[in-house]
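Residues per chain are reported as follows:
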2 protein chains.
Amino acid sequence: MAAERLVVVGGDAAGMAAASQARRLRKPDELEIIAFERGHFTSYSACGIPYWVGGVVDGPDALIARSPEEHRARDIDLRLRTEVTELDLDRCRVRTRQLDDGGRESWTGFDKLVLATGARPRRPALPGIDAPGVHGVQTLDDGRALLDTLEATEGRRAVVVGAGYIGVEMAEALIRRGYEVTVLEQSEQPMSTLDPDMGALVHTAMCGLGIETVRGAAVTAVLTDAEGRARAVTTEDAEYPADVIVLGMGVQPETTLAAAAGLPLGESGGLLTDLAMRVRGQDAIWAGGDCVEVLDLVSGHTRHIALGTHANKHGQVIGSNVGGGYATFPGVVGTAVSKVCDLEIARTGLLERHARAAGLRFVTVTIESTNQAGYYPGARPMHVKMLAEHRTGRLLGVQIVGHEGAGKRVDIAAVALTAGMTVEQMTTLDLGYAPPFSPVWDPVLVAARKATAAIRAAGV
Amino acid sequence: MAAERLVVVGGDAAGMAAASQARRLRKPDELEIIAFERGHFTSYSACGIPYWVGGVVDGPDALIARSPEEHRARDIDLRLRTEVTELDLDRCRVRTRQLDDGGRESWTGFDKLVLATGARPRRPALPGIDAPGVHGVQTLDDGRALLDTLEATEGRRAVVVGAGYIGVEMAEALIRRGYEVTVLEQSEQPMSTLDPDMGALVHTAMCGLGIETVRGAAVTAVLTDAEGRARAVTTEDAEYPADVIVLGMGVQPETTLAAAAGLPLGESGGLLTDLAMRVRGQDAIWAGGDCVEVLDLVSGHTRHIALGTHANKHGQVIGSNVGGGYATFPGVVGTAVSKVCDLEIARTGLLERHARAAGLRFVTVTIESTNQAGYYPGARPMHVKMLAEHRTGRLLGVQIVGHEGAGKRVDIAAVALTAGMTVEQMTTLDLGYAPPFSPVWDPVLVAARKATAAIRAAGV
């Protein structure tokens, strides 16, 4: 019997990265590791689901970074289709229910606990929202269910509710499968993860791709047919027939268990941790991935950001600390990148509304340049918006919409934000230049120069 | 008559950016601006010449950012085909010779002087090196001369001497024009701007493209035919017939005038300036672009780096200071990016030999990952090498060889170097992640993690 037992709740990126890293540092006779996962899969790329649905990649196997068998081969006692239903922190145990075995329940004790319960798609409490034919796309099981619906359905009308990253990616996936796609977006522009002026560029591009995008469209209900299947979506003004409905309204932290156990949650419902990813106020409980809030290094507030790359980092940090090593996760700057067909969309740092909410005064500039030297074949327009703090000139955020090579340029700003650079410091950054890669002034530098001038012009 | 006169020597990026920025800040009655250029063109992209020669872009007009007429329309007195032959600093005047007008000479006085004399291709003192048919590719006039030779020559054998960026780009250009191309490289690998292990990847790729690359091949002479035209290149071991010969051995600062005037030069022959780009020890003389040495922020030494993006920044800084504003150029980290066909090649910071020369102890790691999520269609191998300082873990340099999306990733490291980050700090960078753009751990993060482990393993 091992000296200690680690229990992991949730078998995707954060949970299994934590388990794997802990196993690297501690032998089985030092640390027993039991991981519970209610689904059929472990350690997969949820971000790849839109590409699986769109037929761009094979699934689900290609999306799995490490299979249950691989985890078990590394001495992790992985229990699939087993849902944790209660955390009993006083007695250091969790209650589980076996989903495929008549719901058999039991208790498992732990010395150390990792919560990696992920996120769930937002599902507003509307009539019909739970009807068959309405799909989230958060897990591989969700992806499989959506594909089953698509295969079983003859109609070719799809409605995507919400035009954030997932909504836009799913719209593209469904277009690829030959669907007529309507995207209903509550806000004034799609990509509400961008400022409206930048979102308008995405809207134009989506129209060009044949995706009907309705703005200011708040969904009021899902209508169902005689068998109870979803058949249309209604807004205040209109009814949109739908053979399949995809929810792309974002996700919220799945912290039902944690809340019931009295663990500390932030404003958006995510678990609050310290920099070592230990749940605040707890000695032996860690949490990471889509179920936590993280420190936003730009605004100083905690935020909920569901993203596989963060989940992996959290798991790595947790596993190091659980295993007796030392690691911290300092926070995020809010970087995200996506694409719809060949239009690349990226942002990092604060949007205007975030900056205002954080009490910051700032200037904004927007420039249009090209992804390559203007004379190089294939040069395409690229728009960069930059926010900088009044007086100090500190970079606050960057948004980019453009074509090949535009999206990952946001990394320049992500590193600059992490380093606390001013836009004037950014004007002299030594970025890679050659005609196939960039104009002689990289678009990010052009924006930094304009922001520097705006800061100066704004005076005191 | 204006209150002051600015004289600019050299009409390409640095010189004309300085002139333009000074003009923005000072009206013609405050500052007269005279610019001398010995060639036919102004403000052009020398970096675009290989693509012009290769037929990828039209030239030379497309490569010109601002024409002589545009400069003149902005009240810059631009004098083409006029070579400055002497700087008389005691009397604050320059001697010029008109190249198309019988060599007429005259003196022009200045209150302020900008030296932007650029660089010239290295031409080792070998027999035959100045024969017709041997071409540098530093100026648009050089590009035009090379194209004239190509059009006048029936043979299809080209020899490129040197396999740095220009050599490799010219090899690709000549392959595109249907030439059999042999590249002779003195060092053990092509791309001596990379460490040999990374250069070997480029060598393999060049072979795959049908470019014959001979390593360890020091050129001993250019052989000429009865009319004195170049017909072959010899090394100690062999003779390589050539209908055209391109010098890609890099460039050296063109500072003959400055040296004759006693201005301070660094070890590689470039002018030395302060951070405002003012020539050291001078009150009224600035210098920028390919004729200066710049501070390497990683090693702390000055270096000569000929690159249009630096030249433009220098010009901007000089123009601001000449015009009564304030700007500085803090230095470089040594970023460069290039490609040969679809292989992208990038580096920033120090190579191993640079780090050793700077007296640094360091660890190196190399990783292989992919430019996109491994399961995403089109994912291709990407190699990242990272150098980090012993004990401190400070990032010292990154080299990348890969495919689409690989090259500009070097910008992540360029910003991190500028900010003085450690490789451990880099492991938590919030970089853009989505399957079409990156694996869930960006290759730069993978390298940073491995470098962090190497630093820890190296102990004290």
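Residues numbered from 1 in each chain as written. Chains lettered and ligands numbered in written order. Predicted model: local features only at pLDDT ≥ 70, side-chain atom pairs only at ≥ 80, totals over all residues. Heavy atoms only, no water.

> What is the right way to look at the relation of the copies chain A and chain B in this model?
The relation between the two copies of this chain is a rotation about an axis and a shift parallel to it. When chain A is fitted onto chain B, the two copies agree to an RMSD of 0.0 Å after a turn of 180 degrees and an axial shift of 0.0 Å. Here the symmetry operator amounts to a two-fold rotation axis. Of the residues that chain A buries at the interface, 100% are likewise interface residues in chain B, meaning the two copies contact each other through the same surface. (Least-squares fit on C-alpha atoms with pLDDT ≥ 70 in both. Contact = heavy atoms within 4.5 Å.)

> Which parts of the structure should I look at to understand the domain arrangement of chain A?
Accessible area lost on assembly of the parts is the figure often given for the size of an interface. All names here are of chain A. Along its sequence, chain A is carved into domain 1 (4–120 + 252–322), domain 2 (123–249) and domain 3 (336–455). Here the C-alpha centre of domain 3 lies 30 Å away from the C-alpha centre of domain 2. Taken together, the contact between domain 2 and domain 3 spans 17 residues of the former and 21 residues of the latter. Between domain 2 and domain 3, the buried area comes to about 1,500 Å², and carbon and sulfur atoms account for 64% of it. Counting across the interface, domain 2 meets domain 3 through three salt bridges. Close ionic contact of aspartate 197 with lysine 385 constitutes a salt bridge, the shortest N to O distance being 3.0 Å. Where domain 2 packs against domain 3, one counts eight residue pairs in polar contact (both at pLDDT 80 or more). When residues of the side of domain 2 that touches domain 3 are traced back to their parent elements, those giving at least two are helix 5 (165–176) and helix 6 (196–208). At six residues, helix 6 tops the list of elements feeding residues into the side of domain 2 that touches domain 3. Classifying every residue of the side of domain 2 that touches domain 3 by side-chain character gives eleven nonpolar, two polar and four charged. (Domains from an automatic or database assignment. Buried area = accessible area lost by both parts, 1.4 Å probe. Salt bridge = Lys/Arg side-chain N within 4 Å of Asp/Glu carboxyl O. Polar contact = N/O pair within 3.5 Å; in protein donor to acceptor, adjacent residues only side chain to side chain. Helix = DSSP H or I, 4+ residues; strand = E, 2+ residues; numbered from the N terminus. Nonpolar A, V, L, I, M, F, W, Y, C, P; charged D, E, K, R; others polar.)

> Sorry, what's going on with the environment of Ser67(A) here?
All names here are of chain A. Relative to the assigned elements, serine 67 resides in the loop between helix 2 (49–53) and helix 3 (68–73). When its relative accessible area of 18% is taken as the criterion, serine 67 is described as buried. As a C-alpha pair, serine 67 and phenylalanine 41 span 26 residues in sequence and 7.2 Å in three-dimensional space. (Buried < 20%, exposed > 50% of the residue type's maximum accessible area, 1.4 Å probe, protein only.)

> Would you mind going over the nonpolar core with me for this structure?
Side chains that are nonpolar tend, in soluble globular proteins, to be buried together. Core analysis: the largest hydrophobic core is formed by 84 residues, its most contacted members being Met386(A), Leu395(A), Met426(A), Met386(B), Leu395(B) and Met426(B). Those residues within four positions of Met386(B) in sequence are excluded, and the remaining contacts are Val363(B), Thr364(B), Val365(B), Leu395(B), Gly397(B), Val398(B), Val423(B), Met426(B), Val444(B), Ala447(B), Ala448(B) and Ala451(B). (Core = buried A, V, L, I, M, F, W, Y, C linked by side-chain atoms within 4.5 Å.)

> I would appreciate a short explanation of the sheet that holds strand 9 (residues 134–135) of chain B in the present structure.
Within a sheet, adjacent strands bond to each other through the backbone by hydrogen bonds, running parallel or antiparallel. Residues and elements named next belong to chain B. Strand order in the open sheet made by the five strands is 9-16-10-11-12, with parallel pairing throughout. Two strands in the sheet have a free side with no partner beyond their single neighbour: strand 9 and strand 12 (212–215). Where strand 11 (residues 180–185) and strand 12 come together, four bridges link them in parallel fashion. When the sheet's bridge partners are listed, threonine 182 is paired in strand 12 with glutamate 212. Along the sheet, helix 4 (residues 140–152) makes contact with strand 9 and strand 16 (244–247), crossing strand 16 at roughly 160 degrees. (Pairing = 2+ DSSP bridges. Axes fitted to C-alpha atoms, helices over the stretch in contact; angles between N-to-C directions.)

> Looking at this structure, how should I read the side chain of His403(B)?
Residue and element names in this part refer to chain B. Mapping histidine 403 onto the fold places it in the loop between strand 25 (395–402) and helix 10 (410–418). For histidine 403, a relative accessible area of 12% translates into the label buried. A polar contact is formed between the side chain of histidine 403 and the side chain of arginine 380, at a distance of 3.2 Å. Apart from residues lying up to four places away in sequence, histidine 403 is in contact with Asp342, Leu343, Glu344, Asn371, Arg380 and Pro381.

> Where do I start with helix 6 (residues 196–208) of chain B in this structure?
What sets the pattern is the α-helix's 3.6 residues per turn: residues three or four places apart point alike. All names here are of chain B. Over its 13 residues, helix 6 runs 18 Å from end to end, which matches the ideal 18 Å to within 8%, given 1.5 Å per residue. Along helix 6, the residues classified as buried are Met198, Gly199, Val202, His203 and Met206. Taken down its axis, helix 6 places every buried residue within 155 degrees of arc, on the same side. Opposite its buried face, helix 6 presents the exposed residues Thr204 and Gly208, each directed more than 90 degrees away. Of the residues one or two after helix 6, glycine 210 is the one with positive phi, at around 85 degrees. (Expected span 1.5 Å × (residues − 1). Arc of directions from axis to C-beta.)

> Just checking my understanding: could you explain the pattern of salt bridges for this structure?
Any two side chains of opposite charge can pair, on the condition that their charged atoms come close. Overall, the coordinates contain 60 salt bridges over all chains when judged by the stated rule. Its salt-bridge partner being Glu239(B), residue Arg231(B) comes within 3.4 Å of it at the nearest N-O pair. Look at Arg231(B) and you get partly exposed, because its relative accessible area is 37%. Between Glu352(B) and Lys385(B) there is a salt bridge; the shortest N-O distance is 2.6 Å. Note that Glu352(B) is positioned in helix 9 (residues 352–357) and Lys385(B) in strand 24 (residues 381–389), a separation of 33 residues in sequence. Owing to a relative accessible area of 1%, Lys385(B) belongs among the buried residues under this scheme. Three or more residues joined by partner-sharing salt bridges are found here, namely Asp195(A), Asp197(A), Glu352(A), Arg356(A) and Lys385(A).

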